[in-house]
Amino acid sequence: MTAVIGVLALQGDFAEHAAMLRRLGVESREVRVPRDLEGLDGLVIPGGESTTIGKLLETYALLEPVRDLGASGFPIWGTCAGLILLATDVGAPQPLLGLMDMTVERNAFGRQTDSFETDLDIDGLPGGAFHAVFIRAPIVSGVGDDVEVLAKLDDGRIVAVRQGNLLGTAFHPELTTDARLHSLFVEMARAA
Ligand code: GLN
């Protein structure tokens, strides 16, 4: 079955996600207004600045329709800022989709480790460790019962989660050449 994957294209590195999907031979569509959501099988929310993306989701009347889709089982994958937007709690007021029962801490790494790369074992991802790129990344500081933890740093901090058809990663798979997480998400979208 073919799938069409939307990439939220309000701000951030949406072009890199679209390029990765193209590499996999998967059709993608940039989403900027509500009608762009029609007929999609899944949606990627890219990294960028979560406060900006959240405000633009409100401005373009996308916050409610995306929230409704996510709440009804539609597959959504948030990377970095996208992960932040999926959370129910980020400890400060900013527009959120609030779909995943988790607390996220923004910019959780100090200045010296502002950006770093590390190899991660990700549950359910065959083929060995995933080289993960973190850029002013958040961490997941608490999860509810429905949230499955897929990956942690060596110090135990949570950096990849799944709740039903919602997927969240604190790092940027679209900035590497490893397409396994994109493939996983496309499979989730096909299966949904
Ligand atoms: N620091 C950004 C935020 O809080 C996220 C960074 C990213 O997406 N690379 O929204």
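Residues numbered from 1 in each chain as written. Predicted model: local features only at pLDDT ≥ 70, side-chain atom pairs only at ≥ 80, totals over all residues. Heavy atoms only, no water.

Caption draft 1: Structural context of the pattern of salt bridges. Following the criterion strictly, the structure yields six salt bridges and no others. Residue Asp 178 is joined to Arg 180 by a salt bridge in which the shortest nitrogen-to-oxygen separation is 2.7 Å. Here the two residues Asp 178 and Arg 180 agree in accessibility, since each one is buried. (Salt bridge = Lys/Arg side-chain N within 4 Å of Asp/Glu carboxyl O. Buried < 20%, exposed > 50% of the residue type's maximum accessible area, 1.4 Å probe, protein only.)

Caption draft 2: Just the pairing of strand 3 (residues 42-45), in detail. Of the two faces of strand 3, both are covered, the one formed by Gly 42 and Val 44 as well as the one formed by Leu 43 and Ile 45. Bridge count for strand 1 (residues 4-8) against strand 3 is three bridges, and the pairing is parallel. In the strand pairing of strand 3, Gly 6 is matched with Leu 43. Across three bridges, the pairing between strand 3 and strand 4 (residues 76-79) is parallel. Looking at strand 4, one finds that Ile 45 is bridged to Gly 78. (Helix = DSSP H or I, 4+ residues; strand = E, 2+ residues; numbered from the N terminus. Pairing = 2+ DSSP bridges.)

Caption draft 3: Quick look at unusual backbone geometry. Here the phi dihedral of Cys 80 falls at roughly 55°; this positive angle occurs in a residue that is not glycine. A relative accessible area of 4% places Cys 80 in the buried class. The residue Asn 107 is not glycine, and still its phi comes out positive at about 45°. Following the sequence through the fold, Asn 107 ends up in the loop between strand 6 (100-105) and strand 7 (115-120). For Asn 107, a relative accessible area of 46% gives the class partly exposed.

Caption draft 4: The site of the ligand, seen in detail. Taken together, the neighbourhood of the ligand is formed by Gly 47, Gly 48, Glu 49, Ser 50, Cys 80, Ala 81, Ile 84, Arg 106, Asn 107, Ile 135, Arg 136 and His 172. Between the ligand and the protein, one listed contact pairs an oxygen atom with a backbone N or O atom of Ser 50 at 2.7 Å. With respect to the ligand, the side chain of His 172 contributes an N or O atom lying 2.9 Å from a nitrogen atom. Contact with the protein chains covers 97% of the free accessible surface of the ligand, which is 300 Å². Among the detected pockets, the ligand sits in the largest pocket. Classifying every residue of the shell around the ligand gives four nonpolar, five polar and three charged. (Near = heavy atom within 4 Å. Polar contact = N/O pair within 3.5 Å; in protein donor to acceptor, adjacent residues only side chain to side chain. Areas by Shrake-Rupley, 256 points an atom, 1.4 Å probe, with all protein chains shown as cover. 1 Å grid on protein atoms, 1.4 Å probe; cavity = no way out; pocket = protein on both sides within 12 Å on 5 of 7 lines; lining within 4 Å. Sits in = over half its atoms within 2 Å of the grid points. Nonpolar A, V, L, I, M, F, W, Y, C, P; charged D, E, K, R; others polar.)

Caption draft 5: Main features of the environment of Glu 49. Looking at the element boundaries, Glu 49 is found in the loop between strand 3 and helix 2 (50-59). For Glu 49, a relative accessible area of 30% corresponds to the partly exposed category. With 31 residues separating them along the chain, Glu 49 and Cys 80 place their C-alpha atoms 8.9 Å apart. Ignoring any residue separated from it by four or fewer positions in sequence, one finds Glu 49 in contact with Gln 11, Ala 81 and Arg 106. (Contact = heavy atoms within 4.5 Å.)

Caption draft 6: Region of the structure containing the packing of aromatic side chains. Throughout the structure, instances matching the rule amount to six aromatic pairs. Measuring from centroid to centroid gives 4.9 Å for Phe 109 and Phe 116, while their planes differ by 65°, and the two rings are edge-to-face. With 6.1 Å between their ring centres and 65° between their planes, Phe 109 and Phe 134 make a pair best called edge-to-face. With Phe 109 in the loop between strand 6 and strand 7 and Phe 134 in strand 8 (residues 130-135), this residue pair connects regions lying 25 residues apart in the sequence. An identical accessibility class is assigned to Phe 109 and Phe 134; each is buried. Three or more aromatic residues link up through ring pairs in this structure, and these residues are Phe 109, Phe 116, Phe 130, Phe 134 and Phe 171. (Phe/Tyr/Trp six-rings, centres within 6.5 Å; stacked < 30°, edge-to-face > 60°.)

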